[in-house]
Amino acid sequence: MDRREELIAALGKVDDSVKQIVLPMIDDVIHIETRLMELRKLPFISIHPRNEKLQRPTAAAKLYKELLQQYNNCIKILCSVVGKNSTEDESILQKYMKQLSKRTWDV
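Read on for a plain summary of the structure.

What counts and how
- Residues numbered from 1 in each chain as written.
- Predicted model: local features only at pLDDT ≥ 70, side-chain atom pairs only at ≥ 80, totals over all residues.
- Heavy atoms only, no water.
- Helix = DSSP H or I, 4+ residues; strand = E, 2+ residues; numbered from the N terminus.
- Buried < 20%, exposed > 50% of the residue type's maximum accessible area, 1.4 Å probe, protein only.
- Contact = heavy atoms within 4.5 Å.
- Areas by Shrake-Rupley, 256 points an atom, 1.4 Å probe, with all protein chains shown as cover.
- Salt bridge = Lys/Arg side-chain N within 4 Å of Asp/Glu carboxyl O.
- Core = buried A, V, L, I, M, F, W, Y, C linked by side-chain atoms within 4.5 Å.
- Phe/Tyr/Trp six-rings, centres within 6.5 Å; stacked < 30°, edge-to-face > 60°.

Quick notes on the overall build of the chain
Here comes step 1: Across its full length, the chain holds four helices and two strands.
Here comes step 2: Reading the secondary structure of the chain in the N-to-C direction produces α-α-β-β-α-α.
Here comes step 3: The burial tally for the chain puts 29% of its 107 residues in the buried class.
Here comes step 4: Long-range pairs, those at least 24 residues apart, make up 57% of the contacts in the chain between residues at least 6 apart in sequence.
Here comes step 5: By element, 55% of the accessible surface of the chain is carried by carbon and sulfur atoms, the whole surface being about 7,800 Å².

What follows is the structure, given as structure tokens:
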């Protein structure tokens, strides 16, 4: 099962009209996740060559911060949609988010 299918499966019990609204957001979430993984490989701090005390965030750090904020907003929306329409104690999306957070901190 690929990432898109996982997220769509998490919306299994959600009303079809709501699903049609959030399906484009799933594609956005997948795209943002890919970009975040790429950005994690880049340096986030630029250090002055002659004075190590002079540091500044790189463009990658700024972009990472912005994308992470967008990603978190999308996930909150998806979780709220699933949470309001799910009868399970913990939805598939919530389980996935726990797994993802564990993977994020392991990097």
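Re the pattern of salt bridges
Here comes step 1: Under the definition given, this model contains four salt bridges.
Here comes step 2: Across the pair E33 and R3 runs a salt bridge whose closest N-O atoms are separated by 2.4 Å. Here the residue E33 occupies a position in helix α2 (residues 16–40), and R3 occupies one in helix α1 (residues 3–10), the gap between them amounting to 30 residues. The pair E33 / R3 is uniform in exposure class, with both members buried.
Here comes step 3: Through salt bridges that share partners, R3, E6 and E33 make up one connected network.

Comments concerning the nonpolar core
Across soluble globular proteins, you tend to see nonpolar side chains buried next to one another.
Here comes step 1: With 25 residues, the main nonpolar core has L11, V29, Y71 and L78 as its most contacted residues.
Here comes step 2: Mapped by element, the contributors of at least two residues to this core are α1, α2, α3 (59–85) and α4 (92–106).
Here comes step 3: The biggest single contributor to this core is α3, with nine residues.
Here comes step 4: In contact with V29, other than residues within four places in its own chain, are R3, L7, Y71, C74, I75 and L78.

Here we look at the packing of aromatic side chains
Here comes step 1: In the structure shown here, the tally under the stated rule is one aromatic pair.
Here comes step 2: The interplanar angle of 45 degrees and the centroid separation of 5.1 Å between the aromatic rings of F44 and Y64 together place this pair among those described as tilted. With F44 in the loop between α2 and β1 (45–47) and Y64 in helix α3, the pair connects residues that are 20 residues apart, well separated along the chain.
Here comes step 3: According to the relative accessible area criterion, F44 is partly exposed, its value standing at 29%.
Here comes step 4: By relative accessible area, which is 14% here, Y64 ends up buried.

Remember that the coordinates give geometry; whether it matters functionally is a separate question.
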